[in-house]
Amino acid sequence: MRTALRTSIVTVALAGAMLVPTAGAAFAAPATAPQSAAASDNSRYEGKPVYIGEGLVAVLRNKEEGPEAWIREVGPDWKPGDTYLVHVVTKLDRTQPHDKAKSLDLELTKAASANPVLVVTAADGNAKSYPLPAGEAGTDCRVGPVGQDIGAGMTAELYVSELGPKVVLLEAGDGKPFDQLDRTHPSLPESAGIIARIVNPSGAKPVFEWKTQGGNDTVGRVAFPAFPKGCKPSYKFTDDKPVTKPATPAPTSTPAPVKPQTAGQTSVVPKGPVAAGAELPVETVSDTGDTATMVAGGALIAAFGALAASVVLRRRRAAQG
């Protein structure tokens, strides 16, 4: 036991001596990690740019996303070869094939075919056509509007498209828009004063449901137009399912209590230091030789620590000089 103790002290001292150069090197030359920046990828927005007037460029694309015409503001001095990935004014595609930008009327025609065309009509009625790159034919999913009177001077227009069902609520008198419902906003808030919502908005058969103050007490329901055959919505159908309560687990039986044994048991009462909770070591070091070895080992460790500090100090002074 004493020999093992001496051996462990000497081993610790030698390990400290071996670590001195490493510690000095760590202080003298801190490591630095190289930094690299990932290059941005603009391939999603690149295409064929054509100047359409009014300081606008149409970036024409027809890839896996389908036909697209990104209308970007580049200024009146733009010419082919100049950059065009700048501010977006609007975007035309199969879902939104028509829009206006400044004084220009924009329409993506033949959007469901393999050869769509962007038609730009100026304020004077002069129209120009810009063919998009050829692509794959698709199915036009747009159906509507289908009108529906919901009472209380309100009407609704129902649509379906690649993006899902949509309801445009209008005031029946002047056709002024009141609100719009879709998959991301399927219901009016309670403060609206009427009930209007899309039931099962992400399902294959959504339903429009309403109840107005001016109507009767019943809730009106009407199904949306069916999705055209071959239509591929931009989302996966997830029909709403009724919520079921989990089954109540069967009660478990309580085991019978175990009676304590009172006969045939003996107990040992600790005495001395053990009775007071003291923990006695396996072997008490009392030999003067062991004590001297421990003191010598501690002195050796302290000496190597001082040597390490001296090496670090000299390297710092050399670096500063």
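Note: the structure precedes this text.
Here's what I pulled together on the structure shown here. (Residues numbered from 1 in each chain as written. Predicted model: local features only at pLDDT ≥ 70, side-chain atom pairs only at ≥ 80, totals over all residues. Heavy atoms only, no water.)

Observations regarding unusual backbone geometry
Phase 1 of the analysis: Here the bond from Gly144 into Pro145 is cis, since omega is 5°, no more than 30 degrees from zero.
Phase 2 of the analysis: Positionally, Pro145 belongs in strand β9 (residues 143-151).
Phase 3 of the analysis: If you check the backbone angles, Lys102 has positive phi at about 55° while not being a glycine.
Phase 4 of the analysis: Looking at the element boundaries, Lys102 is found in the loop between β5 (98-101) and β6 (104-109). (Helix = DSSP H or I, 4+ residues; strand = E, 2+ residues; numbered from the N terminus.)

Digging into the sheet that holds strand β7 (residues 117-121)
Phase 1 of the analysis: Read across the open sheet, the 4 strands follow the order β5-β6-β7-β8; overall the sheet is antiparallel. The sheet terminates laterally at β5 and β8 (127-131), the two strands that pair on one side only. On average, adjacent strands in this sheet sit at an angle of 20° to one another, irrespective of strand direction.
Phase 2 of the analysis: Direction of pairing for β5 relative to β6: antiparallel, over a ladder of 4 bridges. Following the sheet pairing, Ala101 is matched in β6 by Leu104. (Pairing = 2+ DSSP bridges. Axes fitted to C-alpha atoms, helices over the stretch in contact; angles between N-to-C directions.)

Considerations on the pairing of strand β1 (residues 48-53)
Phase 1 of the analysis: The sheet contact formed by β1 and strand β2 (residues 56-63) spans 5 bridges and is antiparallel. Note on β2: the bridge partner recorded for Pro49 is Val59.
Phase 2 of the analysis: The hairpin turn running from β1 into β2, its antiparallel successor, is 2 residues long, and Glu54 in that turn takes a positive phi close to 60°.

Details of the packing of aromatic side chains
The geometry of an aromatic ring pair is captured by two quantities: the separation of the ring centres and the angle between the planes.
Phase 1 of the analysis: In the structure shown here, the tally under the stated rule is 5 aromatic pairs.
Phase 2 of the analysis: Taking the centre distance of 5.4 Å and the plane angle of 90° together, the rings of Tyr45 and Trp70 count as edge-to-face. In this pair, Tyr45 sits in the loop between α1 (2-28) and β1 while Trp70 sits in strand β3 (residues 66-73), placing the two residues 25 residues apart along the sequence.
Phase 3 of the analysis: On the accessibility criterion, Tyr45 (35% relative accessible area) is partly exposed.
Phase 4 of the analysis: Seen from their ring centres, Tyr235 and Phe237 are 5.8 Å apart, and the 75° between their planes marks the pair as edge-to-face.
Phase 5 of the analysis: By relative accessible area, which is 12% here, Tyr235 ends up buried.
Phase 6 of the analysis: For Phe237, a relative accessible area of 35% corresponds to the partly exposed category.
Phase 7 of the analysis: Of note, Lys166 hangs over the ring of Tyr159, and the distance from its end group to the ring centre comes to 4.9 Å.
Phase 8 of the analysis: Directly above the aromatic system of Tyr235 lies the positively charged group of Arg183, at a separation of 3.7 Å from the ring centroid. (Phe/Tyr/Trp six-rings, centres within 6.5 Å; stacked < 30°, edge-to-face > 60°. Buried < 20%, exposed > 50% of the residue type's maximum accessible area, 1.4 Å probe, protein only. Lys NZ or Arg CZ within 6 Å of the ring centre and 35° of its normal.)

Digging into the pattern of salt bridges
Phase 1 of the analysis: Tallied over the full model, the rule gives 10 salt bridges.
Phase 2 of the analysis: Put simply, Glu65 and Arg44 hold a salt bridge, and the shortest N to O gap is 3.5 Å. Taken together, the residues Glu65 in the loop between β2 and β3 and Arg44 in the loop between α1 and β1 connect sequence positions 21 residues apart.
Phase 3 of the analysis: Taking relative accessible area as the criterion, Glu65 reaches 34% and is therefore assigned partly exposed.
Phase 4 of the analysis: Since its relative accessible area comes to 28%, Arg44 is described here as partly exposed.
Phase 5 of the analysis: For Lys79, the salt bridge goes to Asp82, with nearest N and O atoms at 3.5 Å.
Phase 6 of the analysis: Look at Asp82 and you get partly exposed, because its relative accessible area is 26%.
Phase 7 of the analysis: The network of salt bridges with common partners includes Arg44, Arg61, Glu65, Glu68, Lys91 and Asp93. (Salt bridge = Lys/Arg side-chain N within 4 Å of Asp/Glu carboxyl O.)

Details of the environment of Leu170
Phase 1 of the analysis: Among the structural elements, Leu170 can be located in strand β11 (residues 164-171).
Phase 2 of the analysis: As a C-alpha pair, Leu170 and Gly153 span 17 residues in sequence and 8.7 Å in three-dimensional space.
Phase 3 of the analysis: Discounting chain neighbours no more than four positions away, the residues touching Leu170 are Gly153, Met154, Thr155, Glu157, Gly175, Lys176, Pro177 and Phe178. (Contact = heavy atoms within 4.5 Å.)

A short note on the pairing of β11
Phase 1 of the analysis: Within β11, 6 of the 8 residues are buried, leaving the element largely enclosed by the surrounding structure.
Phase 2 of the analysis: Summarising the sheet, strand β10 (residues 154-161) and β11 pair through 8 bridges and their orientation is antiparallel. Note that in β11 the partner of Leu158 across the bridge is Val167.
Phase 3 of the analysis: Taking the residues that link successive antiparallel strands as the turn, the β10-β11 hairpin has 2 residues.
Phase 4 of the analysis: Inspection of the sheet shows β11 paired to strand β12 (residues 177-181) by 4 bridges, in the antiparallel sense. Note that in β12 the partner of Val167 across the bridge is Leu181.

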